[in-house]
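# Descriptive structure summary
As a plain string of letters, each chain reads:
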Amino acid sequence: MNGGDGTFSYAKNSCYQREAVDAAKRMLTDAILEKFAMEGCFPFGCFSPTVRIADFGCSVGPNTFRAVENIMEAIELKHKTTTEQNPKTLEFQVFFNDLSNNDFNTLFTTLPTSRRYFAAGVPGSFHAQLFPKATIHLAHSSYALHWLSRVPNEVVDRNSPIWNKGRVHYTGNAEMVAVYSDQFKRDMAAFLSSRAEEIVEGGLLLLLLPACEDGVLPSETCASLQFGLFGSCLVDMAKMGMINEEKVDDFNLPLYYTSPRELRDVIEANGEFEMESMESFNPYVVEDLPDLPKLAKHFRAAVEGLLARHFGSQINVGELFRRYVDKMAANLGIFDFHKTSREFLIFACLKRKVPSD
Ligand SMILES: C[S@@+](CC[C@H](N)C(=O)[O-])C[C@H]1O[C@@H](n2cnc3c(N)ncnc32)[C@H](O)[C@@H]1O
């Protein structure tokens, strides 16, 4: 994600993700009130209970701060309503996790001054263990698990039958969807096994991620069609000699939209968590004429780093995104797909089972 707080920063271009965090607040609060085991924070003889919360894939803020506030509010409410008399004051320790190239400086310098928690940054991939065994009471992740750890090999291998020449994302081709899906399942399995180590027995894992209906073709979703238009802008620029064609052929977005059934299957196969609830919802108001420059800036805030690493200084990112706005304007029909219920967000509440060993 773009760091800092400039015009193209994630901090200034993540209101869609923020709307998702806000819309999930009711589900998150209900999940905590109904399922969070306060006893996990009160080890025997504990004088001052500390609740340890981790947000995985936090980026630079401010959305992560909002999510953390929502979580703390719900835990305090639960604490007040379930502790009969003189409830001990809770202390909160919040860990903000993201990849080590995340702009943690911006995260730290914009931490809310009125915060009531001890904050720490935790760099590293959430596909590996990041905390000691059984130390986290509540883990949260929003809008991050659809980022794959890598683009599947078959898509970038020139000798592969599904080499994705001239496109940047999977299309209706079932084999290509299958390799992306396999990568997602491997990543998600690694994420769940790592969190299973870190989360205390009875602790919660709350997930918010974009998804689509079971069995829907990518060519029937607005997100995929937008990626298609974006890829065609890169191809146009290669044809005009503005970027290298081979580089375009090698570029793919490591993004995958799971489905409720697929996510449920990965969680069941992992076996370490009880699925307490899973809801699909769509927080977005469907506009007939979407704000295209705003959409493009959001996408730019998310992928500019990837583009810079792949194409280096040869790419004119401003020109690319101007073309992208024009392409979307010429293809407004793709936004009709928003009016279907094929794309949505999933909110899932998982509870750490009693460890088997
Ligand atoms: C779209 S941002 C979401 C940020 C924030 N949670 C929100 O809701 O606005 C996705 C974040 O996930 C992070 N991310 C992606 N893969 C990751 C990984 N393997 N480990 C840790 N963070 C990761 C990205 O670096 C990025 O900051």
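Above: the structure in question.
Residues numbered from 1 in each chain as written. Predicted model: local features only at pLDDT ≥ 70, side-chain atom pairs only at ≥ 80, totals over all residues. Heavy atoms only, no water.

A separate point is the site of the ligand. Near the ligand, the surroundings consist of 18 residues, among which Tyr10, Gly57, Asn63, Asp98 and Ser142 are the closest. Within the contact set of the ligand, an oxygen atom lies 2.6 Å away from a side-chain nitrogen or oxygen of aspartate 98. One of the side-chain nitrogen or oxygen atoms of serine 125 is found 3.1 Å away from a nitrogen atom of the ligand. Here the ligand, which alone exposes 600 Å², has 95% of that area covered by the protein. Residue composition of the shell around the ligand, by class: 8 nonpolar, 9 polar and 1 charged. (Near = heavy atom within 4 Å. Polar contact = N/O pair within 3.5 Å; in protein donor to acceptor, adjacent residues only side chain to side chain. Areas by Shrake-Rupley, 256 points an atom, 1.4 Å probe, with all protein chains shown as cover. Nonpolar A, V, L, I, M, F, W, Y, C, P; charged D, E, K, R; others polar.)

Another point: the packing of aromatic side chains. This structure, assessed with the given rule, holds 20 aromatic pairs. Between the aromatic rings of phenylalanine 56 and phenylalanine 131, the centroid separation amounts to 6.0 Å while the plane-to-plane angle is 90 degrees, which identifies the pairing as edge-to-face. Note that phenylalanine 56 is positioned in strand E1 (residues 50-56) and phenylalanine 131 in the loop between strand E3 (118-123) and strand E4 (136-142), a separation of 75 residues in sequence. Each member of the pair, phenylalanine 56 together with phenylalanine 131, is buried. Measuring from ring centre to ring centre gives 6.4 Å for phenylalanine 299 and phenylalanine 321, while their planes differ by 70 degrees; the resulting arrangement is edge-to-face. Taken together, the residues span a long stretch of sequence, with phenylalanine 299 in helix H10 (residues 292-311) and phenylalanine 321 in helix H11 (residues 317-330) at a distance of 22 residues. When sorted by exposure, phenylalanine 299 lands in the same class as phenylalanine 321, which is buried. Above the plane of the ring of phenylalanine 191 lies arginine 195, whose end atom (NZ or CZ) is 4.8 Å from the centre. Seen from the ring of phenylalanine 8, arginine 300 lies directly overhead, with NZ or CZ sitting 3.6 Å from the centre. (Phe/Tyr/Trp six-rings, centres within 6.5 Å; stacked < 30°, edge-to-face > 60°. Helix = DSSP H or I, 4+ residues; strand = E, 2+ residues; numbered from the N terminus. Buried < 20%, exposed > 50% of the residue type's maximum accessible area, 1.4 Å probe, protein only. Lys NZ or Arg CZ within 6 Å of the ring centre and 35° of its normal.)

Tallied over the full model, the rule gives 17 salt bridges. Here arginine 26 ties to aspartate 30 by a salt bridge, and the two come within 3.5 Å at their closest N and O atoms. Taken together, the positions of arginine 26 and aspartate 30, both in helix H2 (residues 25-35) and 4 residues apart, correspond to about one turn of that helix. Judged by relative accessible area, which is 48%, arginine 26 ranks as partly exposed. Its salt-bridge partner being lysine 133, residue glutamate 197 comes within 2.8 Å of it at the nearest N-O pair. Here glutamate 197 is found in helix H6 (residues 174-198), whereas its partner lysine 133 is found in the loop between E3 and E4, with 64 residues between them in sequence. On the basis of relative accessibility, which here comes to 53%, the residue lysine 133 falls in the exposed class. Here the salt bridges do not stand alone but share partners, grouping Arg26, Asp30 and Glu279 into one network. (Salt bridge = Lys/Arg side-chain N within 4 Å of Asp/Glu carboxyl O.)

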